[in-house]
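Summary of the model geometry
These are the residues of each chain, in order.
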Amino acid sequence: MWHKPHLLMAVSDLLFLAGTAALLVAAVVWGTPRLRLFPLAELQVINELQEVQRSEIEQSLSELLRGNFFTVDVDALRRSLEQLAWVRRAEVWRKWPARLEVRIEEHQAAAYWGDGEGQLVNTYGELFPASLSREQVLPRLSGPIGSSGEVLRHYEEFVQILKPSGRLPAQVALSPRLAWLLKLEDGMLIELGREQAKAPIRMRLQRFVDYYPTLSDARRGRPMAVDMRYPNGFALRFPASAGQEVKGKK
């Protein structure tokens, strides 16, 4: 065998693998009880929270804080936190020697969504199911499934266009046919219709702002609705007691 180098190499490799396996087993047997010397002593949320309560965090993580500093599953903790209603994103990491640190990004509510069944829109245009812990004046947005981001972007654009008129949209709705409808804070409706290449939504709303000071008169009062779906004009609808629909042109 001494004259067969390849056999010597094979035996050497086997001995090396056996020795490595023995060392791993010894490390597990020796190390496992000693890992108990590193229990978790603290979980700290390092940023201020407005909506998420400490009790919610404790309840969410109570079943997952098992093991010790080295064995606790920080990914499972993160996923559990992100199931809480007001948590948009969470980060969890170990801080030697016995602490877990948590950073939570909360949803920032930008609007109510739909028919008031507990859904809100955050500032990224994402829907999340939650209720406000305090009374806030927020617009109400609605639209087809998956359109919350688009509706929020248009709402923000509409706000900028309407500023010179001193009015703000209280509701913005996108229909299944992709037609836009606004309701102002004073109750006036503005029908903008669908986006058109020759008469974009933005241009039609700007036309409303330009003519807004002339829309009311002493006899009819203020219109209850303004139809801006015409390419070069608009129509006014007054309360039934004030008369019929009146059309105007640019």
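As the structure is a prediction and not an experimental result, all values here were calculated from the model.

1. Topic: the overall build of the protein chain
Counting its regular elements, the protein chain contains 5 helices and 13 strands. Of all 250 residues assigned to the protein chain, the portion counted as buried reaches 34%. Contacts spanning at least 24 positions in sequence make up 43% of the contacts within the protein chain whose residues lie at least 6 apart. As displayed, the protein chain offers around 15800 Å² of accessible surface, 56% of which is attributable to carbon and sulfur atoms.

2. Concerning the packing of helix α4 (residues 148-162) against helix α5 (residues 201-211)
As a packed pair, α4 and α5 sit with axes 9 Å apart at the nearest point and diverge in direction by 30°. Here α4 lies roughly parallel to α5, going by the angle between them. As for how α4 packs across α5, the hand of that crossing is right-handed. Of the residues in α5, those touching α4 at Glu-157, Phe-158, Ile-161 and Leu-162 are Ile-201, Arg-202, Leu-205, Gln-206, Phe-208 and Val-209. Split by residue class, the contact of α4 with α5 holds 7 nonpolar, 1 polar and 2 charged.

What counts as what
Starting afresh in each chain, residues are numbered from 1 along the sequence in its written order. It should be noted that, the model being predicted, local features are given only for residues of pLDDT at least 70 and side-chain atom pairs only at 80 or more, the latter also being counted only at that level, while totals for whole chains, interfaces and linings use all residues. Hydrogens and water molecules were not included; the side-chain quantities draw on all heavy atoms of the structure. Secondary structure is summarised from DSSP: a helix means a run of H or I of at least four residues, a strand means a run of E of at least two, and numbering begins at the N terminus for each. Per-residue accessibility, obtained with a 1.4 Å probe over protein chains only, is compared with the maximum for each type, and a residue is labelled buried under 20%, exposed over 50%, and partly exposed between these values. Any two residues having at least one pair of non-hydrogen atoms within 4.5 Å are treated as being in contact. Accessibility throughout is a Shrake-Rupley quantity obtained with a 1.4 Å probe, and a residue counts as covered only by protein chains that appear here. Working convention: axes come from line fits to C-alpha atoms, limited for helices to the stretch in contact. Angles between N-to-C directions cover 0 to 180 degrees. An angle below 35 degrees is treated as roughly parallel, one above 145 as roughly antiparallel, one from 65 to 115 as roughly perpendicular, and anything else as oblique. Working rule for handedness: look at the near helix, and if it is turned counterclockwise from the far one by less than a right angle, call the crossing left-handed; if clockwise, right-handed. Any residue outside Ala, Val, Leu, Ile, Met, Phe, Trp, Tyr, Cys, Pro, Asp, Glu, Lys and Arg is labelled polar, Gly included; the first ten of those are nonpolar and the last four are charged.

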